[in-house]
Amino acid sequence: MGYSLSQNAYLCFEPLTKKIITSRHVIFHEGSFPFHQPDHNSSLPSPSTRQHSSVMISLPKLSFASPSTSPDVGTEVLPSSELGSLSAPSPLQVSTPPSPLFLNPNTSMELPAPTISENTEVRVHRMTTRSMNDIYKPKKSFLVTKHPLPSSLETSSVAAALTDSRWREAMSSELTALMRHNTWQLVPPPTNCNIVGCKWVFRVKRHANGTVDRFKARLVAKGFNQRSGLDYKETFSPVVKSVTIRTVLAIAVMQGWSLRQLDVNNAFLHGHLIEKVYMKQPPGFRNPEHPDYVCCLTKAIYGLKKAPRAWYSALKHALTEFGFINSKSDSSLFVFHTGSTLAYCLVYVDDLIITGNNSVFVASIVDHLGQKFSIKDLGSLHFFLGMEAIPTAASLFLTQHKYIRDLLAKTSMDGARDVTTPLSTFVSLQLDDGSSSVNSIEYCQVIGALQYLSLTRPNISFAVNKLS
Amino acid sequence: MHHPTQTHWTATKRLLRYLKNTIFHGVTISNTSSTTLTCFSNADWAGNLDDRKSTSAYLLFLGNTPISWSSKKQRAIARSSTEAEYRALAMAATESVWLLSLLQELKFSLSKPPLLLCDNLGATQLSFNPVQHSRMKHIQIDIHFLRDLVAKNILVVQHVHTTDQLADLLTKPFSRQRTDFLRDKISVLSITVGSVCYPCKYCY
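Small disclaimer: the values here were computed from a predicted structure and weren't measured. (Residues numbered from 1 in each chain as written. Chains lettered and ligands numbered in written order. Predicted model: local features only at pLDDT ≥ 70, side-chain atom pairs only at ≥ 80, totals over all residues.)

**Focus: the overall build of chain A**
Right, on to step 1. From N to C terminus, chain A includes 13 helices and 18 strands.
Right, on to step 2. In chain A, the share of contacts with a sequence separation of at least 24, taken over all contacts with a separation of at least 6, comes to 70%. (Helix = DSSP H or I, 4+ residues; strand = E, 2+ residues; numbered from the N terminus. Contact = placed C-beta atoms within 7 Å.)

Following this line, the structure appears as structure tokens:
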């Protein structure tokens, strides 16, 4: 009939003595269903009326062997009365009301006595699982994490976020930033234009130890609805080449210049849009006077296809105004050269590295940029593009050990044995070598992750290239 | 890449194990006073067993700092090792020319023209000998491209012995001793801060 709730044993119903027995030694006869009746009205034998249960669960029509056969089939049946106080609650616990086990007497399978009957065509047997009996056990693997993250904090629905004061605050601060930059004007909806939607993205920013830093809400446009040629023409993202980074760093270290790192807040909001882009009003913050109006964007907003390009041209304009010249070899490099003053500026989307032979001049650039954009001065260079820069006595050391550690953890290789060479000298890699194929998506992900390591590791580039 | 097999996966895991062993290794940018551009160029002839294509590789140093490197399978099949080496040399020359223009924009002057080092005598001599070889007549564009640069004294091509060929590491697998020797030569080291090893500093 099920599991005993107090012991590690089965609950059995002894049809002849009409007692409920708790036993661990049970043999299942899968083919026979002693309580099966096609016209049986499934009634609940209430435990308080245990005496009546013999009436309700009418004895099966199937042929029963005599009770004396139970020892023959190897079952040790202990009447519940003999089990003492331990099994005493079991008749009561059986009462847990509408358990499907009891609603359906067909499912009682562990009767010790019945022999295999001829009535084998009966297929009403249903498996009773623990979940059907509302017995759940949380999975252990989900319980144990290094930083227990309450997943309920981050939400995707605006309605849920609006009820939370912390999210409301984050959303209103984002809207204030958008308003401060005059990001849009409310206009009546145009008839022949593509209107992009927008949504809120909610993120909980955490410290390294897992505690909550702040709640961040960002309004993003659904730029994937924009069509090339109609809504936008050219896209571009200022991404500096790794060779350029190393060259500039090498020159700066050789000359003993200091390296400054800057971070631009809300970088894309500084970009001016040339094309007309219409966006729906942000969900949850509609203008009560003109609820059907749309936002005509004047500034680039996250998610738009043009946003990185607009930001790049805004930054380029600011730097050229100051006297920088955009490099032809790498468009993300800006060089300032007047008289004896020399300064370089590297751009990686919203991260900037500035260095030069005149530290007063570099400080004035930082001030100038601070007036134009809202920037965060991160001081001297230490962490850029997942690459850690450690200054030593006579050199600068670039390493990606955090990235490697994350990669090893992701591929669960952090406990593997060490080897001393990247590639085996005797195993030849061929396209079809007869061994079984593996999941190519996972393989591609790992190889792609390894390719990013080429920022600081020339010695593995052959191995990565060979494997890809 | 499209149909990776168990062997490939094992090799990838070996690479990850190597990375685990050398997790704190990285490029050292040293402040030497030498302002030279040195490029090691190398090729592994017909190294790919599937289509017998060669691998070309280069490793470019500014002073002692490795700043640019690449290891790539060649697109056309080379019929001789000289041909493969020459193609690699042409690729290294392309990168050197780009870096020259970058350095010019950075107002950084080199003390002498970039030096290309190749461990194949035939390819080295082909870069400045105006001789038309019958076996080389099908790689005309690469030959003329490099020969032109050498004639204008934009680049210098020299021979280097195989044992000093640092770009070897980017074309074929080696034994532990050779791997470690070359790795130290190209200033990929484990960091030491002061006299303390970097990992110990954070006590991982």
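**Things to note about the sheet that holds strand β4 (residues 65-73) of chain B**
Backbone hydrogen bonds are what pair the strands of a sheet, in a parallel or an antiparallel way.
Right, on to step 1. The strand order across the open sheet built from five strands is β4-β3-β2-β5-β6 (chain B), with neighbouring strands paired in mixed fashion. Strands at the two margins of the open sheet, each flanked by one partner only, are β4 and β6 (156-159) of chain B. Taking each pair of neighbouring strands and ignoring which way they run, the sheet shows an average axis angle of 20 degrees.
Right, on to step 2. Sheet contacts for helix α8 (residues 242-255) of chain A: β3 (55-62) and β4 of chain B; angle to β4(B), the most-contacted strand, approximately 160 degrees. (Pairing = 2+ DSSP bridges. Axes fitted to C-alpha atoms, helices over the stretch in contact; angles between N-to-C directions.)

**Regarding helix α10 (residues 359-372) of chain A**
All names here are of chain A.
Right, on to step 1. An ideal rise of 1.5 Å per residue puts 20 Å on 14 residues; α10 measures up with 20 Å between its terminal C-alpha atoms.
Right, on to step 2. Burial in α10 covers these residues: V362, I365 and L369. Mapping the buried residues of α10 onto a view down its axis gives an arc of 55 degrees, with all of them on the same face. Facing away from the buried side of α10 by more than 90 degrees, the exposed set consists of V360, D367 and Q371. (Expected span 1.5 Å × (residues − 1). Buried ≥ 20, exposed ≤ 12 C-beta atoms within 10 Å, placed from the backbone. Arc of directions from axis to C-beta.)

**Let's talk about the nonpolar core**
Right, on to step 1. By size, the foremost hydrophobic cluster in this structure holds 132 residues, and its most contacted members are A:C345, A:L346, B:Y58, B:L59 and B:L89.
Right, on to step 2. No other element matches helix α2 (residues 81-105) of chain B, which puts nine residues into this core.
Right, on to step 3. Within the second largest apolar cluster, six residues are counted, among which are A:M1, A:L11, A:C12 and A:I21. (Core = buried A, V, L, I, M, F, W, Y, C linked by C-beta atoms within 7 Å.)

**Some thoughts on the interface of chain A and chain B**
The parts lose accessible area when they come together, and the size of an interface is often stated as this lost area.
Right, on to step 1. Counting residues at the interface gives 71 residues for chain A and 63 residues for chain B.
Right, on to step 2. Among the elements of the structure, α8, β12 (333-338), β13 (341-348), β18 (395-399), α11 (401-410), α12 (440-451) and α13 (461-467) of chain A are those that each provide at least two residues to the side of chain A that touches chain B.
Right, on to step 3. Taken together, the residues that form the side of chain A that touches chain B break down as 35 nonpolar, 27 polar and nine charged.
Right, on to step 4. Where β18(A) lies against strand β1 (residues 25-30) of chain B, five bridges are found, and the strand directions are antiparallel. Paired with A:L396 across the bridge in β1(B) is B:I29. (Nonpolar A, V, L, I, M, F, W, Y, C, P; charged D, E, K, R; others polar.)

**Digging into the packing of α12(A) against helix α1 (residues 6-21) of chain B**
Each packed pair of helices is defined by two parameters, the angle between the axes and the distance between the axes.
Right, on to step 1. One way to put it is that α12(A) packs onto α1(B) with a least axis distance of 11 Å and a crossing angle of 35 degrees. The way α12(A) lies across α1(B) gives a crossing that is left-handed. From α12(A), A:Y443, A:V446, A:I447 and A:L450 reach across to α1(B), where they touch B:H8, B:W9, B:T12 and B:L15.
Right, on to step 2. Its residues placed into classes, the contact of α12(A) with α1(B) shows six nonpolar, two polar and no charged. (Left-handed = near helix turned anticlockwise from the far one by under 90°.)

**A closer look at unusual backbone geometry**
Right, on to step 1. Within the chain, A:S412 stands out as a residue other than glycine whose phi angle is a positive 45 degrees.
Right, on to step 2. Within the secondary structure, A:S412 sits in the loop between α11 and α12.
Right, on to step 3. The exposure class assigned to A:S412 is exposed, which follows from the 9 C-beta atoms found within 10 Å.
Right, on to step 4. Positive phi outside glycine occurs at B:N153, with the angle close to 65 degrees.
Right, on to step 5. Along the chain, B:N153 falls in the loop between α4 (140-151) and β6.

**A word on the packing of α2(B) against α4(B)**
Residue and element names in this part refer to chain B.
Right, on to step 1. Taken N-terminus to C-terminus, the directions of α2 and α4 make an angle of 50 degrees; their axes are 10 Å apart at the nearest point. In terms of orientation, α2 and α4 fall into the oblique class. For the element pair α2 and α4, the recorded crossing hand is left-handed. Mapping the contact onto sequence places Y86, R87, L89, A90 and A93 in α2 and D142, F145, L146 and L149 in α4.
Right, on to step 2. Of the residues in the contact of α2 with α4, the class split is seven nonpolar, no polar and two charged. (Parallel < 35°, antiparallel > 145°, perpendicular 65-115°, else oblique.)

**As for the confidence of the model for chain A**
Residues and elements named next belong to chain A.
Right, on to step 1. Confidence in the prediction for chain A averages 72 pLDDT; 72% of positions are at 70 or higher.
Right, on to step 2. In the model, residues 39-121 has pLDDT below 50 throughout and makes 131 contacts with residues more than four positions away in sequence or in other chains.
Right, on to step 3. Low pLDDT (under 50) marks residues 142-151, which in the prediction has three contacts with non-local residues, meaning those over four places away or in another chain. (pLDDT = per-residue confidence, 0-100.)

**Remarks on the pairing of β18(A)**
All names here are of chain A.
Right, on to step 1. Counting buried residues along β18, five of its five residues qualify, which places the element largely inside the surrounding structure.
Right, on to step 2. Of the two faces of β18, the one holding S395, F397 and T399 and the one holding L396 and L398 are both buried throughout.
Right, on to step 3. The pairing of strand β17 (residues 387-391) with β18 spans four bridges and is classified as antiparallel. Bridge pairing links E388 to T399 in β18.
Right, on to step 4. Hairpin connection between β17 and β18: a loop of three residues separates the two successive antiparallel strands.

**Considering the pairing of β1(B)**
The two faces of a sheet get side chains in turn, since along a regular strand they alternate between them.
Residue and element names in this part refer to chain B.
Right, on to step 1. Of all the six residues making up β1, five are buried; the element is thus mostly covered by neighbouring parts of the structure.
Right, on to step 2. Relative to strand β7 (residues 188-190), β1 runs antiparallel, the two sharing three bridges. Residue pairing in the sheet places G26 in a bridge with L189 of β7.

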